[in-house]
Structures are given as C-alpha cells and as structure tokens.
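Tertiary structure, described
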Amino acid sequence: MMSETSNTIRKANVTPAVTPWGKNRVKETETGKHVLIMPGIGYTVDRPLLYWAAQALAADGWFVDRLDLKLTESVEFPEMIACMERVIDEWSTAAREHAAESGEEPRLLVVTKSLSTLSFPHAAKLGLRVVLLTPVLNPPPFDKHKSIIPAPLPAPNKYPMPLICAGDADPYFDARKARLLTSHVRTFAGANHSIETPDDWNTSLDYLKQVTQAIVDYAD
C-alpha cells in the first residue's frame, strides 16, 4: 500500500511519501486502529509534536503511518492541499482494508500540523476524526491564495468534531474561529506556532506533554 501511495499520488511540485513508522508495536493487519501523521511546511513528522503523538499512539496499539512531502520552491498552497486530500483518500481506503483483515472495526485518525490542517474540510467530508495542531485559521502572508480552514465549515453535513491545540501567540490561530469548528479546543498561553514558549524550555516541554496527552485522550 505504501509504495503504491507514493507512486500514484504525484505532482510536479509536490511529491508525497506515506510510510509505516518504524516503531509500530503491531502489524497493519492486526488492528482496526490506524492513524496518519501529516506534517507542516518545515515541520516534519520527526519534530516534537508529531513525533510524540506517534510514539504515544503506537504505545496505545495504533498502527502509525507518516506522510513526508517533498516540495519545490514554486509549489503553491492549492497544489499542496489537493495532494494531501488525495493522500487521505488513498490512505483511508487502505487502512479500512487492513482493519477488515484484523477482524476489528476500523478506527481511523488523522493528526495534522499547520499546512496539513488545511486538508481538514476534506477529511471531515469523509467522516474522519482529525487532530488539528496549530490550525491555519488566519492566512499566512506568504500565501497569495490566502488559504485558511473555513469556520464554520460550509458543508451542512455533520462530522466528528476535531481536536484543536494551538498557542495564543500563534499569528495563524484564532480562538473564536476554532470554537466555530469544535468544542475540543486546547489553547496554550504564550505559545507560538510550534506550541513552544521562546526562552522557556520548561514550559515548552510541559505543553508538549499536555498536547500529547490530549491527543491520546481524543483518540480513545
């Protein structure tokens, strides 16, 4: 499944690769619990928020897949978003098939960060539960398309409420808009777009633990 995903979903300016995490505790056909970890721009799946989310979920019996994105300098946000939506389509189809092989009911989860949170409207249409870490609710100044997550979502259909975690010093976060999407909002005082507080490693580590615990609780 993973090699097929990386080969069939390909655009000139963005190349995705979905691979199983090397620290999985179960095989993909042994569980109904499957999670896809998705990166931000410059915030890879090995950065703290995503690494520890994967670590904690794997320890709880989830099979973890991780997305890496290779981007060119000329790539634009709509192209990246469309690519991530196709990744979610293929991953969710394969994950459901593997869950069926396990004999368990499928429980699918997507953990997103920054850029990849822009795929949330598509994931919501598919009925997926989603973690939005530092969601893009205010447009980045370097994106001429002014891409944001619409709040509330325009689709009238019900969807699983996401979990949102963000710092109140994050320029791309808006607490009012976040609460139009979900009642599951965790805001961290003084934290930036990485949910870290500059020059305060102790608080930053405490926030990292709180975010990781919130993800584990939401996944249950």
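Residues numbered from 1 in each chain as written. Predicted model: local features only at pLDDT ≥ 70, side-chain atom pairs only at ≥ 80, totals over all residues. Heavy atoms only, no water.

Observations regarding unusual backbone geometry
Put simply, Ala151 and Pro152 share a cis peptide bond, and its omega is 0 degrees. Structurally, Pro152 can be placed in the loop between strand S5 (129-133) and strand S6 (163-167). One non-glycine residue, Ser114, lies in the positive phi region at around 55 degrees. By the element assignment, Ser114 lies in the loop between strand S4 (107-113) and helix H4 (120-125). For Lys146, which is not glycine, the phi torsion reads 55 degrees and is therefore positive. By the secondary structure assignment, Lys146 is in the loop between S5 and S6. (Helix = DSSP H or I, 4+ residues; strand = E, 2+ residues; numbered from the N terminus.)

A short note on helix H6 (residues 201-219)
Counted at 1.5 Å a residue, the expected span for H6 with its 19 residues is 27 Å, and the 27 Å between its end C-alpha atoms agrees. Looking at H6, one finds that the buried residues are Ser204, Tyr207, Leu208, Val211, Thr212, Ala214, Ile215, Val216, Tyr218 and Ala219. On its buried face, H6 sits against helix H2 (48-59), S4, S5, S6 and strand S7 (184-188). (Expected span 1.5 Å × (residues − 1). Buried < 20%, exposed > 50% of the residue type's maximum accessible area, 1.4 Å probe, protein only. Contact = heavy atoms within 4.5 Å.)

Here's the deal with the pairing of strand S2 (residues 33-37)
Within S2, 5 of the 5 residues are buried, leaving the element largely enclosed by the surrounding structure. Sheet analysis places S2 next to S4, joined by 5 bridges and oriented parallel. Each residue of the ladder has a partner; that of His34, found in S4, is Leu108. Pairing geometry for S2 and strand S3 (residues 63-71), over 4 bridges, is parallel. Following the sheet pairing, His34 is matched in S3 by Phe63. Of the crossover connections in this fold, the one passing from S2 over H2 to the parallel S3 is right-handed. (Pairing = 2+ DSSP bridges. Right-handed = clockwise from strand over helix to strand, strands pointing away.)

Describing the nonpolar core
Membership of the largest hydrophobic core comes to 35 residues, with the highest contact counts inside it found for Leu36, Phe120 and Ile149. Those elements giving two or more residues to this core turn out to be strand S1 (14-20), helix H3 (77-102), S4, H4, S5, S6 and helix H5 (175-181). Residue contributions to this core peak at 9 residues, all from H3. Non-local contacts of Leu36, meaning those with residues more than four positions away in its chain, are made with Val18, Asp65, Arg66, Leu67, Val87, Ile88, Trp91, Leu109, Val110 and Val111. (Core = buried A, V, L, I, M, F, W, Y, C linked by side-chain atoms within 4.5 Å.)

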